[in-house]
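Each chain is listed here by its residues.
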Amino acid sequence: MLVLGSSATTPSSGAAVDRQEQLVTVDEDSSLWPYTSSATKFEERTLALNVVVAGDPADTRRHLKQRSRGGWNETAPEQEDVSAASSDEAVGTSTAWGSADGSTRYVYVASDDDPSSGRWLDESYQLHDGEYLGSRHHIRAYASPDDGDEWTAMQAHREHWDWFRLSHTVTSAEDSQQYVEREFMGRRYVSNVSRDYLGNDRGFDSDGWVTSIEIDTDVGNDGDDTDDGSPVHLAMIGLLPGALLGGRVASRTVPREFDSLRVRHSFLLAGSLIGLYLFVRFGAIAVEARLGSLDPRFIAGAFYPLLVIGLPVCTYYFARPLDRPTAFAVSSVGFATAILLDYTALGVTRLPVTVFVHRFSTAIALGFIAVGASHAERIDPEDHGFVRMGALLWGVTLLVPLLRFL
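What you see is a predicted model; the values in this text were computed from it and never measured.

**Structural notes on the overall build of the protein chain**
Right, on to step 1. Scanning the protein chain for helices and strands turns up eight helices and 15 strands.
Right, on to step 2. Within the span of the protein chain, comprising 406 residues, buried residues form 48% of the whole.
Right, on to step 3. Of all intrachain contacts in the protein chain linking residues separated by at least 6 positions in sequence, the fraction that spans at least 24 positions is 68%.
Right, on to step 4. For the protein chain, the exposed surface amounts to about 19,500 Å²; the carbon and sulfur share of it is 56%.

**Side note on the side chain of His265**
Right, on to step 1. Among the secondary structure elements, His265 is positioned in helix 4 (residues 256-290).
Right, on to step 2. Taking the relative accessible area as the measure of exposure, His265 reaches 19% and is therefore buried.
Right, on to step 3. Those residues within four positions of His265 in sequence are excluded, and the remaining contacts are Phe318, Pro321 and Leu322.

**Details of the packing of aromatic side chains**
Right, on to step 1. Using the criterion set out here, one finds 16 aromatic pairs in the structure.
Right, on to step 2. Here Phe328 and Phe368 contribute two aromatic rings whose centre-to-centre distance is 6.1 Å and whose plane-to-plane angle is 65°, an arrangement assigned as edge-to-face. Residue Phe328 is located in helix 6 (residues 324-346), and its partner Phe368 is located in helix 7 (residues 353-373); the two are separated by 40 residues in the primary sequence.
Right, on to step 3. The partly exposed category is assigned to Phe368, whose relative accessible area is 22%.
Right, on to step 4. Pairwise contacts between aromatic rings join Trp33, Tyr35, Phe42, Tyr108 and Trp120 into one cluster.
Right, on to step 5. Positioned above the aromatic ring of Tyr35 is the side chain of Arg45, whose terminal nitrogen or guanidinium carbon lies 4.8 Å from the ring centre.

**Quick look at the pattern of salt bridges**
Right, on to step 1. In total, this model carries twelve salt bridges according to the counting rule given.
Right, on to step 2. Between Asp146 and Arg119 there is a salt bridge whose closest N-O contact spans 2.6 Å. Residue Asp146 is found in the loop between strand 11 (135-143) and strand 12 (151-162), and its partner Arg119 is found in strand 9 (residues 114-121); the two are separated by 27 residues along the sequence.
Right, on to step 3. Exposure remark for Asp146: the relative accessible area of 31% places this residue in the partly exposed category.

**What to know about the nonpolar core**
Right, on to step 1. By size, the foremost hydrophobic cluster in this structure holds 44 residues, and its most contacted members are Leu133, Trp163, Phe164, Tyr277, Leu311, Phe335 and Trp394.
Right, on to step 2. For this core, the secondary-structure elements that each account for two or more residues are helix 4, helix 5 (296-318), helix 6, helix 7 and helix 8 (381-402).
Right, on to step 3. By residue number, the principal contributor to this core is helix 4, which donates eleven residues.
Right, on to step 4. In contact with Leu133, not counting residues within four places along its chain, are Trp161, Arg281, Ala284, Ile285, Glu288, Pro296, Ile299 and Ala300.
Right, on to step 5. Residues Val53, Leu64, Tyr125 and Tyr189 belong to the second largest nonpolar core, which totals 17 residues.

**A word on the packing of helix 5 against helix 7**
Right, on to step 1. Interaxial distance between helix 5 and helix 7 falls to 8 Å at its minimum, and their mutual angle equals 35°. Where helix 5 crosses over helix 7, the handedness of that crossing is right-handed. In this structure, helix 5 contributes Leu311, Pro312, Thr315 and Tyr316 to the contact, and helix 7 contributes Leu366, Ile369, Ala370 and Ala373.

**Section: unusual backbone geometry**
Right, on to step 1. With a phi close to 55°, Leu166 is a non-glycine residue in the positive phi region.
Right, on to step 2. Here Leu166 lies in the loop between strand 12 and strand 13 (167-172).
Right, on to step 3. Although it is not a glycine, Arg404 sits at a positive phi angle of roughly 65°.
Right, on to step 4. Structurally, Arg404 can be placed in the segment after helix 8.

**Examining the packing of helix 6 against helix 7**
Right, on to step 1. Packing of helix 6 against helix 7 leaves a shortest axis separation of 8 Å and a crossing angle of 145°. Between helix 6 and helix 7 lies a crossing whose hand is right-handed. Taken together, the residues of helix 7 that come into contact with helix 6 (itself represented by Arg324, Ala327, Phe328, Ser331, Ser332, Phe335, Ile339 and Tyr343) are Val355, Arg359, Thr362, Ala363, Ile364, Leu366, Gly367, Phe368, Ala370 and Val371.
Right, on to step 2. Of the residues that constitute the contact of helix 6 with helix 7, the class distribution is twelve nonpolar, four polar and two charged.

**As for a nonpolar patch on the surface**
Right, on to step 1. On the surface, Leu166, Leu399, Leu402, Leu403 and Phe405 cluster together into a nonpolar patch covering about 490 Å² of accessible area.
Right, on to step 2. Judged by its relative accessible area of 31%, Leu166 is partly exposed.

**Overview of the pairing of strand 6 (residues 51-54)**
Along any regular strand the residues' side chains alternate between the sheet's two faces.
Right, on to step 1. Both faces of strand 6 are covered, namely the face carrying Val51 and Val53 and the face carrying Val52 and Ala54.
Right, on to step 2. Pairing of strand 6 with strand 12 involves four bridges; the strand directions are antiparallel. Across the sheet, residue Ala54 finds its bridge partner in strand 12, namely Trp151.
Right, on to step 3. Across four bridges, the pairing between strand 6 and strand 15 (residues 209-215) is parallel. From the neighbouring strand, Val51 faces strand 15, where its bridge partner is Thr211.

Conventions used here
Residues numbered from 1 in each chain as written. Predicted model: local features only at pLDDT ≥ 70, side-chain atom pairs only at ≥ 80, totals over all residues. Heavy atoms only, no water. Helix = DSSP H or I, 4+ residues; strand = E, 2+ residues; numbered from the N terminus. Buried < 20%, exposed > 50% of the residue type's maximum accessible area, 1.4 Å probe, protein only. Contact = heavy atoms within 4.5 Å. Areas by Shrake-Rupley, 256 points an atom, 1.4 Å probe, with all protein chains shown as cover. Phe/Tyr/Trp six-rings, centres within 6.5 Å; stacked < 30°, edge-to-face > 60°. Lys NZ or Arg CZ within 6 Å of the ring centre and 35° of its normal. Salt bridge = Lys/Arg side-chain N within 4 Å of Asp/Glu carboxyl O. Core = buried A, V, L, I, M, F, W, Y, C linked by side-chain atoms within 4.5 Å. Axes fitted to C-alpha atoms, helices over the stretch in contact; angles between N-to-C directions. Left-handed = near helix turned anticlockwise from the far one by under 90°. Nonpolar A, V, L, I, M, F, W, Y, C, P; charged D, E, K, R; others polar. Patch = residues over 30% accessible without salt bridge, like charges linked within 9 Å, V, L, I, M, F, W, Y side chains within 5 Å. Pairing = 2+ DSSP bridges.

Structure below.
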């Protein structure tokens, strides 16, 4: 049975200090530092643990990896089976969580009789629901290292693949915490789902409340089939509202034929940027779904050059027939629209301010390339200067996130 609560000791000195430096009791024999760390030291603290499951760690993992079938054939009264095995929730959750890859994070576990002599553990396993190269709920699970202890601590968060960082960006911990809660609520093998306040409100939208789930070990696991199918992700590509800006820039004194031509080329420029960006995103997701055994990072490596080279090439080529103000506006707004459609399709609603600044800088870089390319049939050294400036800014915006300055 879970006994979540604060401990009076700290992992460093044993003195009572900041609440976020304290261990918490998990059961009668174990204490846990309620955070993950990117290294085996407390100074590298990352996200807060937000789910603890009481029960056999092997059963907990099996429940998450299997999906219960909710549909049952109706039987006649004289054929009804009233045994425990007839329950539709003997094993599994509503989602078949798949095995996942991710960066290693550590937790600190100690015994209550000597909290200062604990040990660092890496993940027992990682699970996810979603796509590696799209958006997913991601769980890092840490099973009790001691025989006889039956608990599993989890850090659940929502994240999406960032094509400029070539890694995942976490957008919410609360969303995934609620998602895991719903997975276990109403299951016959779960005796209790509640929240306990531990004060580990570290990062993003963590509020310091940890979900406690208690699994009834007396419930049998027979009589239930599972389905390991993965959900299908459908993306709707909307209209191209950003491309309309190019037509609105036109002067009323411009001949109708030229204005119509400019609008058409504006749509081509914006459409190429939006189409290419969304093709990279959802093309990679489609390949990941088809080649499930292939490391998705190899797929990302194959699609990444399309983004790095394709966006500036499309900008340069399709901006040539346009005037400078229109080329700058359409390319910048077209790229911004692609980003907006991408995040909307992935369900991303929260982003760090630094990401907004980076995407704005990237849009400006493409705008400078478009300005230099506009009316390219005219020999003008100033045009090449804009192209060089845009290419330099584009290179910087690519390097900054890769070097983890973002």
